[in-house]
Amino acid sequence: DSRLALKELQNRLVAFQLKYQFAIDQLETKINILREEFEHTHEYSPIEHVRTRLKSMDSLLDKIERTGSPRDLEQVGEHIRDIAGVRITCAFVADAYWIADMLTSQPDVTVIEVKDYIVEPKDNGYQSLHLIVQTPVYLSDHTEQVYVEVQIRTIAMDFWASLEHKIYYKYEGEIPERLRDELHQAAVVADHLDRTMARLHDEVSRLGGRDGVVRHQRHD
Ligand code: 0O2
């Protein structure tokens, strides 16, 4: 009977994880449609790449412990809203907001929370636009609204965040001050790069040409 109980628990856990995977798949499809449609009409895409992740059982258990979340599966789903994660990388800051608008204006994407770390970077310099959304997952006998954390950032922000993440784990959260200062400085440089690229892009787009692409006349 204890084996039966374990089997039952295993089934519930797999079903729990599956619904988050379905929500990820659904959002990923939405993003790919936006990307392909944009590429078709503009021969350029504001979406550079999309990465998804389902929180592993280990890091979910860590977070349950760290946050003092209730143990009940249903309540875990209410408390921990980044079990499903989608990260979108784009070229320019304006694209990040454009993608967020396109996604959240879809009728089956409900915005629960927005954290704009682009307008207000974290103390360590971290920048990114975070959305917690809910999307319906249509199962055989019922529909569930599932939370997904969507992170949208530029290539420069992503470059910075991946290195910072590695360093953070290497030092188990206690990054030495010198490294922290250098990381902060690097975040300022990344922000400067984003602004410069946006300005150059605007300038070239204003010059005209198809989709802002200036075709140079060759004189040789
Ligand atoms: P992983 O491995 O990427 O999943 P919390 O989710 O409780 O940690 P909060 O305030 O609810 O924090 O969410 P928040 O601030 O929106 O950030 C959650 C996620 O954003 C993190 O998930 C990271 O992916 C990313 N993030 C936030 N702050 C930083 C930062 O300073 N540096 C980097 N590199 N990433 C950051 P996880 O679960 O921590 O990590």
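Residues numbered from 1 in each chain as written. Predicted model: local features only at pLDDT ≥ 70, side-chain atom pairs only at ≥ 80, totals over all residues.

As recorded in an unreviewed UniProt entry, the protein goes by GTP pyrophosphokinase family protein and comes from Aeromicrobium piscarium.

Chemist: Looking at this structure, how should I read the site of the ligand?
Modeler: As a structural note, the neighbourhood of the ligand is formed by Asp82, Lys115, Lys122, Asn124, Tyr126, His130, Ala161, Glu164 and His165. In terms of residue count, the dominant contributor to the shell around the ligand is helix H5 (residues 155-170) (three residues). (Near = placed C-beta within 6 Å. Helix = DSSP H or I, 4+ residues; strand = E, 2+ residues; numbered from the N terminus.)

Chemist: Help me understand the nonpolar core, please; the structure alone is not making it clear to me.
Modeler: Side chains of nonpolar character tend, in soluble globular proteins, to be buried together. Counting residues in each nonpolar core, the largest one holds 26 residues, and the members touching the most others are Ala23, Ala84, Ile88, Ile99, Val148, Val150 and Ile152. Counting only elements with at least two residues in this core, the list comes to helix H1 (2-42), strand S2 (84-90), helix H4 (93-104), strand S4 (129-138) and strand S5 (143-154). If sequence neighbours within four positions are ignored, Ala23 has contacts with Ala84, Thr135, Val137, Val146 and Val148. One finds Met157, Ala161, Ala187 and Ala190 within the second-largest nonpolar core, a separate group that totals six residues. (Core = buried A, V, L, I, M, F, W, Y, C linked by C-beta atoms within 7 Å. Buried ≥ 20, exposed ≤ 12 C-beta atoms within 10 Å, placed from the backbone. Contact = placed C-beta atoms within 7 Å.)

Chemist: Just to check I follow, could you spell out the packing of H5 against helix H6 (residues 177-206) for this structure?
Modeler: The relative placement of two packed helices comes down to the angle between their axes together with the axis-to-axis distance. Their axes nearest at 9 Å, the elements H5 and H6 cross at an angle of 165°. Accordingly, the angle class assigned to the pair H5 and H6 is roughly antiparallel. As for how H5 packs across H6, the hand of that crossing is left-handed. Across from Ala156, Met157, Phe159, Trp160, Glu164 and Ile167 in H5, the residues of H6 making contact are Leu179, Leu183, Ala186, Ala187, Ala190, Leu193 and Asp194. Counted by class, the contact of H5 with H6 contains eleven nonpolar, no polar and two charged residues. (Axes fitted to C-alpha atoms, helices over the stretch in contact; angles between N-to-C directions. Parallel < 35°, antiparallel > 145°, perpendicular 65-115°, else oblique. Left-handed = near helix turned anticlockwise from the far one by under 90°. Nonpolar A, V, L, I, M, F, W, Y, C, P; charged D, E, K, R; others polar.)

Chemist: Can you help me understand the sheet that holds strand S3 (residues 110-116) in this one?
Modeler: The pairing of strands in a sheet happens through backbone hydrogen bonds and is either parallel or antiparallel. Spatial ordering of the open sheet is given by S1-S2-S5-S4-S3, a layout of five strands whose pairing is mixed. Each edge of the open sheet is held by one strand with a lone partner, namely strand S1 (47-54) and S3. Strand-to-strand, the axes of this sheet are offset by a mean angle of 25°, without reference to chain direction. Bridge count for S1 against S2 is seven bridges, and the pairing is antiparallel. Bridge pairing in S2 links His49 to Thr89. Running at roughly 175° to S1, H1 makes contact with S1, S2, S4 and S5 of the sheet. (Pairing = 2+ DSSP bridges.)

Chemist: Where do I start with the UniProt feature "domain: RelA/SpoT" (unreviewed entry) in the protein in this structure?
Modeler: Residues annotated by UniProt as "domain: RelA/SpoT" (unreviewed entry) correspond here to residues 52-175. Secondary structure across residues 52-175 divides into 37% helix and 31% strand, with the first and last C-alpha atoms of the span separated by 27 Å. (UniProt positions renumbered as here; feature names shortened; annotations may be inferred.)

Chemist: What am I meant to see in H1 here?
Modeler: The first and last C-alpha atoms of H1 sit 60 Å apart over 41 residues, in line with the 60 Å expected at 1.5 Å per residue. Where H1 is concerned, the buried positions are Tyr20, Ala23, Ile24, Gln26, Leu27 and Ile31. Packed against the buried residues of H1 are S1, S2, S4 and S5. (Expected span 1.5 Å × (residues − 1).)

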